[in-house]
Amino acid sequence: MARVNITVPDALLARARTAGLNISQVTAVALAEELDRQAKLAELDTYLLELENDLGPIPADEAAAAREWADRLQARSR
């Protein structure tokens, strides 16, 4: 397993240590979740492009609404 250095605010680190959190584990989980979120957004972009190719241009307001929906969905899963 690789070792890396990260930078976090002193107060945040103190709170995490006081809470007894495993900083490495929390960081690994957060990275995995962020990578998953980015992959889902990329899939959404691909899907929207396919729709645009099949049905014509997607109105900007509808594309923005789709992205907002995906962001809300992802936020709920955290």
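Structure first, text after, so check above.
Parameters at a glance
Residues numbered from 1 in each chain as written. Predicted model: local features only at pLDDT ≥ 70, side-chain atom pairs only at ≥ 80, totals over all residues. Heavy atoms only, no water. Salt bridge = Lys/Arg side-chain N within 4 Å of Asp/Glu carboxyl O. Helix = DSSP H or I, 4+ residues; strand = E, 2+ residues; numbered from the N terminus. Expected span 1.5 Å × (residues − 1). Polar contact = N/O pair within 3.5 Å; in protein donor to acceptor, adjacent residues only side chain to side chain. Buried < 20%, exposed > 50% of the residue type's maximum accessible area, 1.4 Å probe, protein only.

## Side note on the pattern of salt bridges
Phase 1 of the analysis: The tally for this structure, following the rule as stated, stands at three salt bridges.
Phase 2 of the analysis: Across the pair Glu-34 and Arg-37 runs a salt bridge, and its minimum N-O distance is 2.7 Å. Separated by three residues within a single helix, Glu-34 and Arg-37 lie in helix H2 (residues 23-55), roughly one turn from each other.

## What to know about H2
Phase 1 of the analysis: With 33 residues, H2 should cover 48 Å at 1.5 Å per step; its first-to-last C-alpha distance of 47 Å lies within 8% of that length.
Phase 2 of the analysis: N-capping of H2 is provided by Asn-22, with a side-chain oxygen placed 3.1 Å from the backbone N of Ser-24.
Phase 3 of the analysis: Of the residues trailing H2, Gly-56 is marked for its positive phi of about 100°.

## Some details on the environment of Asp-36
Phase 1 of the analysis: Within the secondary structure, Asp-36 is located in helix H2.
Phase 2 of the analysis: For Asp-36, a relative accessible area of 36% gives the class partly exposed.
Phase 3 of the analysis: Residues Asp-36 and Asp-10 lie 26 residues apart in sequence; the distance between their C-alpha atoms is 28 Å.

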